[in-house]
Amino acid sequence: MADKDMAVRSFTVVGKKEDITDFVTAIDPDQTLLTNKFGKTKVTSTEHAWLNDSLRPAMENAFQEAVDFDSQKANPRKRDSNYVQKFLHGYSVTDTTQAIAKYGVADELGYQMVKATKEIGRDLEYAIVRNKSKVMGDDAIAGKMGGIPYFLENFKEVTAATTGVFTLTNHKFVNGDVVVFRGKAGNALDANLKANTQYFVKVIDANTFNICATEQETTATAPTVIKPAAAVAAGKCELTSGNAVDAGAITGANAGKLTFDIINDAMQAAWSRGGSIDFAVMSGKNKRVCSGFTQGTTKNREQTSKELVEVVDVLETDFGRIDLVSHRMYTDDVVDLIEAQYWKLGYLIPFHVENGLRKGTYKSKYITGDATLECTAPIANARIYNITK
């Protein structure tokens, strides 16, 4: 039996220390924009976890002069996590190739090392941009970290009764949490629910809740709850607690279009929950669309204040000024609005070089590392999706 089959796997270890947030640095700034913009955090387990907290909704707070002290139950902190993803990239050079004279390359092994370093850096950036889910690794499946889509477009199926009781097993909501609904798998959204609209949760128990039109209603003794026009069966509807704006749900001629108004909508969704967006990242096509906006003031930052190699366009919205950044790995159907301070990369094993076992007339080297992505406040960010025009 091969040695690798006998190796002890991390997922079989009992008594691992849980990580509650107690290298590939600037490999290629043009290709690894987000890797270089995000901060760094410490990782000590294959599941990296952290805690999020929230404030209760604002409410009327007035008492008589003589009153007994009273207290309210505090909102519990929420645990979120991401799995570590192992990255590996190897290269081999024969002794003859290393020895012969070559135009422009004195050291073939060193040249391939630089090339492989850039390539694995781009692989990490790809995982940040594209990974829609997190996967716990085992003997049959490679572990994967969740990327930006995992945090910003994380929809879950929900059912509802005509009484206004919505069901989502182990929802972990607290009063005042925001949710946004959409139809699932091509199904239309219930007539009494509006797309791209924030609703506020009034918790019933661990698996059920009502929704209200305002945050203040969720603390009322007899709140006005929103009820679906018909019972919502399994497979018909889903929700997210993030700021996900569906361009395809816009009515009229702008359906599926990236417009100034839809960017403003996404900015407002993040702003209303405490976010202060730094930049919007998008494909080259969508960057050209934004360059054509006549609303807002699109201009350039002074050369001395830019952080990127190229001059960065700036868009003035009703909820702040943001940089407009094109990214080679972004698809044309999404635009992400990012507040960078809440995003961090962590390395369980920093990227490093391992020398392969000498088996013949060639040398092998491998670059490997274990990394994950942390987002401590997805609600401070936003995603525009389903852009089709």
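From a predicted model like this one, the values you see are computed outputs, not experimental measurements.

The rules behind each value
Residues numbered from 1 in each chain as written. Predicted model: local features only at pLDDT ≥ 70, side-chain atom pairs only at ≥ 80, totals over all residues. Heavy atoms only, no water. Helix = DSSP H or I, 4+ residues; strand = E, 2+ residues; numbered from the N terminus. Contact = heavy atoms within 4.5 Å. Pairing = 2+ DSSP bridges. Axes fitted to C-alpha atoms, helices over the stretch in contact; angles between N-to-C directions. Core = buried A, V, L, I, M, F, W, Y, C linked by side-chain atoms within 4.5 Å. Buried < 20%, exposed > 50% of the residue type's maximum accessible area, 1.4 Å probe, protein only. Phe/Tyr/Trp six-rings, centres within 6.5 Å; stacked < 30°, edge-to-face > 60°. Lys NZ or Arg CZ within 6 Å of the ring centre and 35° of its normal. Salt bridge = Lys/Arg side-chain N within 4 Å of Asp/Glu carboxyl O.

A. Seen up close, the side chain of N286. Tracing the sequence through the fold places N286 in helix α7 (residues 284-291). Non-local contacts of N286, meaning those with residues more than four positions away in its chain, are made with L258, T331, D332, V334, V335 and I387.

B. Layout of the sheet that holds strand β9 (residues 178-183). The seven strands are arranged β6-β12-β9-β10-β11-β8-β7 in an open sheet whose pairing can be described as antiparallel. Unpaired on one side and paired on the other, β6 (156-157) and β7 (159-160) mark the two borders of the sheet. Here strand β8 (residues 166-167) pairs with strand β11 (residues 208-212) via two bridges, running antiparallel. Note that in β11 the partner of T167 across the bridge is T208.

C. Examining the sheet that holds strand β20 (residues 362-375) more closely. Read across the open sheet, the four strands follow the order β2-β19-β20-β5; overall the sheet is mixed. In this open sheet, the two edge strands, each paired with only one partner strand, are β2 (39-41) and β5 (85-94). The mean inter-strand angle of the sheet, taken between neighbouring strand axes irrespective of direction, is 35°. In this sheet, strand β19 (residues 343-355) lies alongside β2 in parallel orientation, the contact comprising three bridges. Paired with T41 across the bridge in β19 is G346.

D. Quick look at the nonpolar core. Ranked by size, the top nonpolar core spans 38 residues in total, and within it I128, I148, W343 and L373 carry the most contacts. Going through the elements one at a time, α2 (33-37), β5, α4 (108-130), α5 (148-152), β14 (279-282), β19 and β20 are the ones with two or more residues in this core. Sort the elements by how many residues they give to this core and α4 lands first, with seven residues. Setting aside residues no more than four positions away along its own chain, W343 makes contact with F38, G39, I148, F151, L152, I338, L373, E374, C375 and N381. Counting 22 residues, the second-largest nonpolar core is a separate cluster that includes F260, V335, L337 and I384.

E. Local environment of the packing of aromatic side chains. For the coordinates displayed, the defined rule picks out 13 aromatic pairs. For the pair Y150 and F151, a centre-to-centre distance of 4.9 Å together with 75° between the ring planes defines the contact as edge-to-face. On the basis of relative accessibility, which here comes to 12%, the residue Y150 falls in the buried class. Owing to a relative accessible area of 6%, F151 belongs among the buried residues under this scheme. Each ring, one from F173 and one from F209, has its centre 5.3 Å from the other, and the planes form 90°; the classification is edge-to-face. Remark: F209 occurs in strand β11 and F173 occurs in the loop between β8 and β9; sequence separation between them is 36 residues. Residue classification places F173 among the buried residues on the basis of a relative accessible area of 11%. The class for F209 is buried, based on a relative accessible area of 0%. Among the aromatic residues, those joined into a cluster by ring pairs are F38, W50, Y150, F151 and W343. In this structure, K37 is placed above the aromatic ring of F279, and the distance from its NZ or CZ to the ring centre is 4.9 Å.

F. Region of the structure containing the pattern of salt bridges. Counted according to the given criterion, the structure contains 11 salt bridges. A salt bridge links R79 to E47, with the nearest nitrogen and oxygen atoms 3.6 Å apart. Of this pair, R79 sits in strand β4 (residues 78-83) while E47 sits in strand β3 (residues 47-52), and the two are 32 residues apart along the sequence. R79 gets classed as partly exposed once you look at its relative accessible area, which sits at 37%. Here D95 and R358 are joined by a salt bridge, their closest N and O atoms 2.6 Å apart. Of this pair, D95 sits in helix α3 (residues 95-99) while R358 is found in the loop between β19 and β20, placing the two residues 263 residues apart along the sequence. Looking at D95, the relative accessible area reads 28%, which means it is partly exposed. What you see here is one network of salt bridges that share partners, running through E153, R182, E238, D336 and R383.

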